[in-house]
Structures are given as C-alpha cells and as structure tokens.
Amino acid sequence: MNQSARLAVFLSGTGSNAEKIFSYFKDHPSICVGLVLSNNLEAQGLQRAIKFNIPTRTFTKQQFRESDEVLDWLKESEITHIVLAGFLWMIPINLIKAYPNRIINIHPALLPKFGGKGMYGIKVHEAVKAANETQTGITLHEVNEKYDEGKIIFQATCNVLSTDTPELIAGKVQALEHTHYPTEIEKWINP
Ligand code: GRF
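Let me begin by describing the structure that accompanies this report.

Analysis parameters
Residues numbered from 1 in each chain as written. Predicted model: local features only at pLDDT ≥ 70, side-chain atom pairs only at ≥ 80, totals over all residues. Heavy atoms only, no water. Buried < 20%, exposed > 50% of the residue type's maximum accessible area, 1.4 Å probe, protein only. Helix = DSSP H or I, 4+ residues; strand = E, 2+ residues; numbered from the N terminus. Arc of directions from axis to C-beta. Contact = heavy atoms within 4.5 Å. Near = heavy atom within 4 Å. Polar contact = N/O pair within 3.5 Å; in protein donor to acceptor, adjacent residues only side chain to side chain. Nonpolar A, V, L, I, M, F, W, Y, C, P; charged D, E, K, R; others polar. Core = buried A, V, L, I, M, F, W, Y, C linked by side-chain atoms within 4.5 Å. Phe/Tyr/Trp six-rings, centres within 6.5 Å; stacked < 30°, edge-to-face > 60°. Salt bridge = Lys/Arg side-chain N within 4 Å of Asp/Glu carboxyl O.

## Some words on helix α6 (residues 122-130)
Stage number 1. Within the sequence span of α6, burial applies to V124, H125, A127 and V128. Each buried residue of α6 lies within a common arc of 155° when the element is viewed along its axis, so the set occupies one face.
Stage number 2. Taken together, the buried residues of α6 touch β5 (103-107), β6 (135-142) and α7 (166-189).
Stage number 3. At the C-terminal side of α6, N132 shows a positive phi close to 55°.

## Comments concerning the site of the ligand
Stage number 1. In the region of the ligand, the neighbouring residues are T14, G15, S16, N17, G86, I106, H107, P108 and E177.
Stage number 2. Here an oxygen atom of the ligand sits 2.7 Å away from a polar atom, N or O, in the main chain of G15.
Stage number 3. The backbone of N17 places a nitrogen or oxygen atom 2.8 Å from an oxygen atom of the ligand.
Stage number 4. Within the shell around the ligand, the residues separate by chemical class into two nonpolar, six polar and one charged.

## A short note on the nonpolar core
Stage number 1. Grouped together as the largest cluster of nonpolar side chains are 37 residues, with contacts concentrated most on L7, V9, I21, V36, Y181 and I185.
Stage number 2. The element contributing the most residues to this core is α7, with seven residues.
Stage number 3. Excluding its chain neighbours within four sequence positions, the residues that come into contact with Y181 are N17, I21, V83, L84, A85, I104, N105, I106 and L140.
Stage number 4. One finds L37, F59, V70 and I91 within the second-largest nonpolar core, a separate group that totals 20 residues.

## Quick word on the packing of aromatic side chains
Stage number 1. What the rule picks out here adds up to eleven aromatic pairs.
Stage number 2. Centroid distance F59 to F64: 4.7 Å. Interplanar angle 20°. Geometry classified as stacked. Accessibility assignment for this pair places F59 and F64 in one class, buried.
Stage number 3. Here F64 and W89 contribute two aromatic rings whose centre-to-centre distance is 5.9 Å and whose plane-to-plane angle is 40°, an arrangement assigned as tilted. Of this pair, F64 sits in helix α3 (residues 61-66) while W89 sits in the loop between β4 (81-84) and α5 (93-98), and the two are 25 residues apart along the sequence.

## Side note on the pattern of salt bridges
Stage number 1. Summed over all chains, the structure comprises six salt bridges.
Stage number 2. Residues E19 and K51 are paired through a salt bridge, measuring 3.7 Å at the closest nitrogen-oxygen approach. Placement of the pair is E19 in helix α1 (residues 16-25) and K51 in helix α2 (residues 44-51), with a sequence separation of 32 residues.
Stage number 3. What makes K51 exposed here is its relative accessible area of 59%.
Stage number 4. Here K187 and E184 are joined by a salt bridge, their closest N and O atoms 2.9 Å apart.

Following this line, the structure appears as structure tokens:
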C-alpha cells in the first residue's frame, strides 16, 4: 500500500517549481502539501501557496537556526517529508535529525559538478557555459549537513549548444525541473 505523506515546501523566491508541486499533489490520493515556509516575506511562492489554500509561515534566520520554532510548526502540521524548491539557506541540524532521509532538494545542474555554496540561479548556468559543457540538467538529492552533497536520487539531462546563452540554458533546465520534480517526489515517497 502507498505510504501517505504530508509535505512541507521551503522556498525563497519565485516558486515556479513549488507551484508545479502544489498543482500535481492537489487531488493526490495519498500525498498532500501541508505547509509552505519561507525566509523571505516577499517570496512570490508564498502567494502561489495562498492561491492553493495552503498555509504559509515565514521565519527569521534566528528562528530558523537558533530555535526549534520551525521544527515545532512542522510537527504541529504533521509534516512527514520536506521538499526544498529554490530555498537558499542551509538546513539546520535539528531539522536534518528530525527528518533523516526525508528532505529532498533540486539543483539546476548535474551534481557533483557546479554545486556548492554560491552556486545558484544564473551563476550555475554561467559556470556551465564557461566550462564549455555539452550537457547539463537537474539533480534531485537528499539533504544533509553539507550543501548539495546528499545522496543523488535522480538526474535528467539536456544538451548545451555552443550558441546557448546562460539564459537559454536556464530555460531548458527549468523545463526539466517542471517536468520531473513533482513525479520524482512521488516516486521518492512511494518507490
Ligand atoms: C530552481 O532552479 C531550483 O533548481 C533551484 O532554485 C530554482 C528555483 O526556481 N534550487 P523557482 O523559484 O522554483 O522558480
């Protein structure tokens, strides 16, 4: 039988991946999004959550790193799994311990290449271009104490043409993200 799950989605910005996730799990028989959390009060992703009637919470760095407040919210909402969708802060150890192997992230490149601190947004695609890569893609991985170093769960690739700009590469990678993130979360929960 399928395991039932309540997801918390953490985001810091636009939330285009988060919206794909909200939409995919909206009427799902066993998986739902129970809470959306952000460090950024202005994050567009929070408005997307509200449109889907999903409760939202925001927090400061101090609340996140130096208290169990966020963990308490997750417990109150009976969250079973955490999904990072464009969330820029490192996950503190209290959350990693409370959700072992139950936190997933998406990175817009083929890890272990082009990962690590500071590698986010267009910087990733600029680095791919500068390295003359012929392929790039997405990586879904579990989250541990280090940036972008947890177990790799899934990768998908796309070609990089010599004429591609970083912006064009970003568009191809985003298309892969939107196609695969929701369905791969589902498979991660119910393999
Ligand atoms: C995505 O490229 C994702 O891989 C990275 O952050 C970006 C978030 O984009 N972790 P969006 O906010 O979902 O549009």
